[in-house]
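Letter by letter, the chains look like this.
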Amino acid sequence: MRLVHGVKEMQTISRGLREGGRKVGFVPTMGYLHDGHLSLIRLARGMCDTLVVSVFVNPTQFGPSEDFARYPRDLERDKRLCESEGTDILFAPETSDMYPEDFSTYVVEEKLSLPLCGRSRPTHFRGVTTVVAKLFNIVQPTFAVFGQKDAQQAFVIKRMVRDLNFDVEIIVAPIVREKDGLAMSSRNRYLSPKERKEATAIFRALSRVRQMVQEGERRALPLIKVIRDEIVRTETGQLDYAEIVDTKTLSPVEVIDDDVLVAVAAWFGDARLIDNIIIRKDEL
Ligand code: PAF
């Protein structure tokens, strides 16, 4: 495995790969890899000639009072994990190389990034679309793999790719969960033992929603109430939002009669956790 830090060096390698007709798979990450990331890496590994993984804690997607400074970082560990999963190139750029001092160009998606997490994190998706656009320009991948846990991020990136004609296929891989259902996330390490235990309320609530829909409930309000109640019942959890939205527009629905995303964000202590399920029309 080759470790590349320089943006220019990575771009030169990418040009060579494209000219050589290689199918380049790309998994962008912020590092501190867990089994969720490894599942994306494995999926990509099986589909490409050359596998590039990036590790970059992107400052522009964190708000001023968010956890950028304390976001977990361990490049040595990430290196070992990437190598053991058959990564060809680990791209770990420096912040100063990605964002020179007078950096002033951003990519903004103006619809799908507004609701849900966009409401509580107003500059987050601007940072995500900007860094992903930059990474696509640097790595020039044939396809890129993102996780379903960040469902809104995946929708926003797909929209950006379509609207700006990036020549990259976007693949979305299923959520990987701990044994008790908690979605894997680098932020889970912020949880105290009590918060960690109580955070399972999120997936319990989502599972209950799916079950109620299977039993015939179609109205969004009682389903959202189930999520609220489940989180309120904990001592350490605080709901940020629970919404049922159309998967094409991310607008709230009153009655489920098509594919919907059931999305939750909740604080447990200092950790803001997100999770979701998709309910398909053919399950109704
Ligand atoms: O999902 C993430 O880890 C990040 O948002 C991404 C896509 C790597 C951009 O920084």
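Counting starts from 1 at the beginning of each chain's written sequence and moves along it residue by residue. For this predicted model, a pLDDT threshold of at least 70 governs which residues receive local features, and a threshold of 80 or more governs which side-chain atom pairs are given and counted, while totals over whole chains, interfaces and linings are taken from all residues. Each side-chain value is derived from all of the structure's non-hydrogen atoms; neither hydrogens nor water enter the calculation.

Caption draft 1: Seen up close, the packing of helix 6 (residues 124-139) against helix 7 (residues 151-163). Every axis corresponds to a line fitted to the C-alpha atoms, with the helix fit spanning only the stretch in contact, and the corresponding angles, defined between N-to-C directions, vary from 0 to 180 degrees. Each helix is a run of DSSP H or I of at least 4 residues and each strand a run of E of at least 2, with the numbering of both proceeding from the N terminus. Running from N to C, helix 6 and helix 7 point in directions that differ by 55°, and their axes come no closer than 10 Å. With respect to helix 7, the element helix 6 is oriented oblique. The handedness of the crossing between helix 6 and helix 7 is right-handed. Between helix 6 and helix 7, the contacting residues are Phe125, Val128, Thr129, Val132, Ala133 and Phe136 on the first element and Gln152, Gln153, Val156, Ile157, Met160 and Val161 on the second. Side-chain classes follow a simple rule in which Ala, Val, Leu, Ile, Met, Phe, Trp, Tyr, Cys and Pro form the nonpolar group, Asp, Glu, Lys and Arg form the charged group, and the remainder, Gly included, forms the polar group. Tallied by class, residues from the contact of helix 6 with helix 7 come to 9 nonpolar, 3 polar and no charged. The labels follow the angle: roughly parallel below 35 degrees, roughly antiparallel above 145, roughly perpendicular from 65 to 115, and oblique for the rest. When the near helix sits turned anticlockwise from the far one by under a right angle, the crossing is termed left-handed; a clockwise turn instead gives a right-handed crossing. Whether two residues are in contact is decided by their heavy atoms: any pair within 4.5 Å suffices.

Caption draft 2: Seen up close, the site of the ligand. The environment of the ligand is formed by Pro28, Thr29, Met30, Asn58, Gln61, Val131, Phe146, Asp150 and Gln153. Between the ligand and the protein, one listed contact pairs an oxygen atom with a side-chain N or O atom of Gln61 at 2.6 Å. We define a polar contact as two N or O atoms separated by no more than 3.5 Å, with the added condition that, inside protein, one atom must be a possible hydrogen donor and the other a possible acceptor, whereas residues neighbouring each other in sequence contribute only through side-chain atom pairs. In this structure, an oxygen atom belonging to the ligand sits 2.7 Å away from a side-chain N or O atom of Gln153. Throughout, the Shrake-Rupley method with a 1.4 Å probe supplies accessible areas, and for residues the shown protein chains are the sole cover considered. Protein chains bury 89% of the 290 Å² of accessible surface belonging to the ligand in isolation. Residues of the shell around the ligand, tallied by class, amount to 4 nonpolar, 4 polar and 1 charged. Any residue with a heavy atom positioned within 4 Å of a molecule or strand is treated as near that molecule or strand.

Caption draft 3: Main features of helix 1 (residues 7-19). To estimate how far a helix should reach, multiply one less than its number of residues by 1.5 Å. The terminal C-alpha atoms of helix 1, which comprises 13 residues, lie 18 Å apart, in line with the 18 Å expected from a rise of 1.5 Å per residue. Here's how the labels work: a residue is buried when its accessible area is under 20% of the maximum for its type, exposed when over 50%, partly exposed in between, all with a 1.4 Å probe on protein chains only. Of the positions making up helix 1, those classed as buried are Val7, Met10, Ile13, Ser14 and Leu17. Looking straight down helix 1, one finds its buried side chains confined to an arc of 125°; they lie on one side. Projecting away from the buried face of helix 1 at angles above 90 degrees are the exposed residues Lys8 and Glu19. Phi turns positive, to about 70°, at Gly21, one or two residues after helix 1. The directions considered for the arc run from the helix axis to the C-beta atoms.

Caption draft 4: Examining the nonpolar core more closely. Definition of nonpolar core: a set of buried residues of the types Ala, Val, Leu, Ile, Met, Phe, Trp, Tyr and Cys, connected through side-chain atoms within 4.5 Å. Membership of the largest hydrophobic core comes to 34 residues, with the highest contact counts inside it found for Ile202, Ile227, Ile244, Val262, Phe268 and Leu273. Listing elements by their share of this core, those giving two or more residues are helix 9 (201-214), helix 10 (220-232), strand 7 (237-246), strand 8 (260-268) and strand 9 (271-279). Tallying contributions element by element places helix 9 first for this core, with 7 residues. If we skip the residues at most four places from it in the chain, Leu273 touches Leu182, Arg187, Asn188, Leu191, Ala199, Ile202, Val264, Ala265, Ala266 and Phe268.

Caption draft 5: Focus on the sheet that holds strand 7. As summarised here, the arrangement of the 3 strands in space is 7-8-9, forming an open sheet in which the pairing is antiparallel. Of all the strands in the sheet, just strand 7 and strand 9 have a single pairing partner and so form its edges. On average, adjacent strands in this sheet sit at an angle of 15° to one another, irrespective of strand direction. Pairing geometry for strand 7 and strand 8, over 9 bridges, is antiparallel. Bridge pairing links Ala242 to Val264 in strand 8. Contacts from helix 9 reach strand 8 and strand 9, with the element oriented near 20° to strand 9. Each of strand 7 and strand 8 is contacted by helix 10, which is oriented at about 160° to strand 7, the strand it contacts most. Here a strand pair is declared whenever DSSP counts at least two bridges between the two strands.

Caption draft 6: View of the packing of helix 1 against helix 6. Running from N to C, helix 1 and helix 6 point in directions that differ by 55°, and their axes come no closer than 7 Å. Considering their axes alone, helix 1 and helix 6 lie oblique with respect to each other. Every residue of helix 6 that contacts helix 1 at Val7, Met10, Gln11 and Ser14 is listed here: Asn137, Ile138 and Val139. Split into classes, the residues belonging to the contact of helix 1 with helix 6 amount to 4 nonpolar, 3 polar and no charged.

Caption draft 7: Expanded view of the pairing of strand 5 (residues 143-147). Buried residues dominate strand 5, accounting for 5 of its 5 residues. Side chains Phe143, Val145 and Gly147 project from strand 5 onto one buried face, and the interleaved Ala144 and Phe146 project onto a second face that is buried too. Examined bridge by bridge, strand 2 (residues 24-29) and strand 5 share 2 bridges and lie parallel to one another. Following the sheet pairing, Gly25 is matched in strand 5 by Phe143. Examined bridge by bridge, strand 5 and strand 6 (residues 169-173) share 5 bridges and lie parallel to one another. Looking at the pairing, Gly147 lines up with Ala173 of strand 6. By the criterion used throughout, a crossover qualifies as right-handed when its path from the first strand across the helix to the second strand runs clockwise, the strands pointing away from the viewer. Read as a crossover between parallel neighbours, the route from strand 5 over helix 7 to strand 6 is right-handed.

Caption draft 8: Inspection of the sheet that holds strand 4 (residues 89-91) at higher detail. An order of 1-4-3-2-5-6 is seen for the 6 strands of this open sheet, with the pairing classed as parallel. For this open sheet the edge positions go to strand 1 (2-4) and strand 6, each flanked by a neighbour on one side alone. Averaged over all pairs of adjacent strands, the angle between strand axes in this sheet comes to 25°, irrespective of strand direction. Across 3 bridges, strand 3 (residues 50-55) lies against strand 4 in parallel orientation.

Note that every value here comes from positions in space, so none of it alone points to a role or purpose.
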